[in-house]
Amino acid sequence: PHPVYDELRKQGPIHHVLLPNGLTAWLVVDYRLAREVLADDRIKKSAAGLAPITTRLRPGDSYTSVSQDLWEHMLSSDPPDHTRLRRLVTKGFTARTVELLHPRIDALADQLLDDMAGKSEVDLIADYALPIPMTVICELFGVPEADRARFRELSTTMTSSSAENAEDQEAAANSPFYATAAERGAASVELATYLIGLVAERSKDLGEDLLSQLIMANHEGDKLSDRELIAMLFLILVAGHETTVNLIGNGLFAMLRDRVLYEDLTRSPERIPAAIEEFLRYEGPVHLATLRYTAEPVTLAGIEIPAEELVSVSLAAADHDPSQFEHPDTIEIGQTGKSKGGHLAFGHGIHYCVGAPLARLEAKVAFEKILARYPNMKMAGDVQWRPSTFLRGLQTLPTVLD
Ligand code: HEM
């Protein structure tokens, strides 16, 4: 439930607000308008177009050149660049290609469950939800095992929040989910350097893996440049695991909270795919879509918005819109499927999540395996949400297995 969004939605589908990151933007909270905005080609998101607007609204924003390169990927580009970049990578992520990873993901989940067996208490985030997507990405990129812990740290730092008030600062002292802008900058430089090395190594010895495919990606003579390739890897890394960990974590949390749901899915695992869609809707890992801006004056729901204003779409608000979903604030398997258009947890339009088939597969395996092995898990303490404006996920999920 999101009482603030519900209140705003009653007053109108779009509002001019101050975002927690200090920027002012037009915030969309209604399902139909969210879909419209995400598919509107006058509302853009290229890094080059956005940077002057965010700098105007929040003077002093600056990036080091290496980290800026990292952010100039397809999720920060508009057609025709976006069309070209996306065409070069979609092949690596189709449902068919992803299905080839199924046996590997099965084995990985089995291994993690074996490692947890016998422990009196586990943290289902650190011990299960997180290593699945992280290991899959590392294997897709060919990151050696010895480097994976550091790789993971860097990616968490890059998506972490700044501690903005005293309470945050206290929490920040011993949490990996907070970082300063300087720490984020340093992490991005280290990550970029690491990725450049990884590509150089793999270029000497190309194989069948995703990284080799991206290095060779070619469409009618078109290829990714070195800079584009590094930015693409960075995007896949961050988009691919900081989100999927939350789909698995939020889904497990939902089951642990609701005995009836837990028992239902344990008895009828064939309902897991529909449950995943409902988890995505109810507590989607991506709370706000990435920022967009008006490239020209646009009228939305009768409001005239000038050119060069920021537009933020709340996927969480859209997915709790009672005009789209019958009982938005309860988990009811099947209600997402019944609604025309479904949920917006993977976005909509040209930037619709490329990794959706992979995320769905990882979550399906994760839920099937753990429910089959542990029909009596119980939560063993309070949970804490990650401090983030954009992502919705738990820091820890302490659990007793049986
Ligand atoms: C884009 C959500 C998993 C790669 C997006 C967008 C959303 C999203 C909402 C669009 C953002 C916007 O328009 O502002 C999710 C969720 C996931 C997930 C909820 C897990 C449950 C993955 C995975 C990968 C991935 C596993 C890859 C391994 C991408 C990429 C884009 C994207 C590359 C950019 C697409 C484009 O610009 O055309 N994702 N994602 N995502 N996602 Fe995902």
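Residues numbered from 1 in each chain as written. Predicted model: local features only at pLDDT ≥ 70, side-chain atom pairs only at ≥ 80, totals over all residues. Heavy atoms only, no water.

**As for the overall build of the protein chain**
And step 1. Secondary structure assignment for the protein chain yields 20 helices and 14 strands.
And step 2. Over its C-alpha atoms the protein chain spans a radius of gyration of 21 Å, differing by no more than 12% from the 21 Å that the globule rule assigns to 402 residues.
And step 3. Looking at the protein chain residue by residue over its 402 residues, the buried ones come to 52%.
And step 4. A total of about 18,300 Å² of accessible surface is found on the protein chain, and carbon and sulfur atoms cover 54% of it.
And step 5. Charge centroids of the protein chain, computed over 39 positive and 58 negative side chains, lie 4 Å from each other. (Helix = DSSP H or I, 4+ residues; strand = E, 2+ residues; numbered from the N terminus. Rg over C-alpha atoms; globule rule 2.2 N^0.38 Å. Buried < 20%, exposed > 50% of the residue type's maximum accessible area, 1.4 Å probe, protein only. Areas by Shrake-Rupley, 256 points an atom, 1.4 Å probe, with all protein chains shown as cover. Lys, Arg positive; Asp, Glu negative; His and termini not counted. Charge placed at Lys NZ, Arg CZ, Asp CG, Glu CD.)

**Looking at the sheet that holds strand S4 (residues 122-123)**
And step 1. Strand order across the open sheet formed by 3 strands is S4-S14-S11, with antiparallel pairing between neighbours. Two strands bound the open sheet, and with one partner strand each, they are S4 and strand S11 (378-379). (Pairing = 2+ DSSP bridges.)

**Here's the deal with the site of the ligand**
And step 1. Residues in close proximity to the ligand total 29 residues, the closest being His82, Thr290, Arg292, His351 and Cys353.
And step 2. Taking His82, its side chain carries an N or O atom lying 2.6 Å from an oxygen atom of the ligand.
And step 3. The separation between an oxygen atom of the ligand and a polar side-chain atom of Arg86 is 2.7 Å.
And step 4. Counting residues per element, the ones that place at least two in the shell around the ligand are helix H5 (81-89), helix H14 (226-241), helix H15 (244-257) and helix H20 (356-373).
And step 5. With 4 residues, the top contributor of residues to the shell around the ligand is H14.
And step 6. Here the residues of the shell around the ligand are counted per class, giving 19 nonpolar, 8 polar and 2 charged. (Near = heavy atom within 4 Å. Polar contact = N/O pair within 3.5 Å; in protein donor to acceptor, adjacent residues only side chain to side chain. Nonpolar A, V, L, I, M, F, W, Y, C, P; charged D, E, K, R; others polar.)

**Topic: the nonpolar core**
And step 1. Grouped together as the largest cluster of nonpolar side chains are 86 residues, with contacts concentrated most on Leu124, Tyr128 and Phe141.
And step 2. No other element matches the 10 residues that H20 contributes to this core.
And step 3. Not counting the four nearest positions on each side in its chain, Phe141 is found in contact with Phe151, Leu198, Leu210, Leu211, Leu233, Ile236 and Leu237.
And step 4. Counting residues in hydrophobic clusters, the runner-up holds 19 residues, among them Val28, Val298, Ile305 and Val313. (Core = buried A, V, L, I, M, F, W, Y, C linked by side-chain atoms within 4.5 Å. Contact = heavy atoms within 4.5 Å.)

**Some remarks on the sheet that holds strand S10 (residues 310-313)**
And step 1. As summarised here, the arrangement of the 5 strands in space is S1-S2-S10-S7-S3, forming an open sheet in which the pairing is mixed. Two strands close off the open sheet at either side, each with one partner strand: strand S1 (14-18) and strand S3 (43-44).
And step 2. Note: strand S7 (residues 292-294) against S10, 2 bridges, orientation antiparallel. When the bridges of S10 are listed, Tyr293 appears paired with Leu310.

**Quick look at the coordination of the iron atom of the ligand**
And step 1. Just one protein atom coordinates the iron atom of the ligand, and that atom is Cys353 (SG), at 2.3 Å.
And step 2. Inspection of the secondary structure puts Cys353 in the loop between helix H19 (335-338) and H20. (Donors = N, O, S within 2.8 Å, 3.2 Å for Na, K, Ca; no water.)

**Re the packing of aromatic side chains**
And step 1. Using the criterion set out here, one finds 5 aromatic pairs in the structure.
And step 2. Taken together, a centroid distance of 5.7 Å and an interplanar angle of 75° make the contact between Phe279 and Phe367 edge-to-face. Placement of the pair is Phe279 in helix H17 (residues 272-282) and Phe367 in helix H20, with a sequence separation of 88 residues.
And step 3. Centre to centre, the rings of Phe346 and Tyr352 are 6.1 Å apart; their planes meet at 65°, and the pair counts as edge-to-face.
And step 4. Here the basic side chain of Arg257 rests over the ring of Phe253, its NZ or CZ set 4.4 Å away from the ring centre. (Phe/Tyr/Trp six-rings, centres within 6.5 Å; stacked < 30°, edge-to-face > 60°. Lys NZ or Arg CZ within 6 Å of the ring centre and 35° of its normal.)

**Some thoughts on unusual backbone geometry**
And step 1. Cis geometry marks the peptide bond from Pro79 to Pro80; its omega dihedral reads 5°.
And step 2. Turning to its location among the elements, Pro80 is positioned in the loop between helix H4 (65-71) and H5.
And step 3. One non-glycine residue, Ala301, adopts positive backbone phi at about 50°.
And step 4. Relative accessible area serves as the criterion here: at 44%, Ala301 is assigned to the partly exposed category.
And step 5. Unusually for a residue other than glycine, Glu308 sits at a positive phi of about 60°.
And step 6. Position of Glu308 among the secondary structure elements: in the loop between strand S9 (303-305) and S10.

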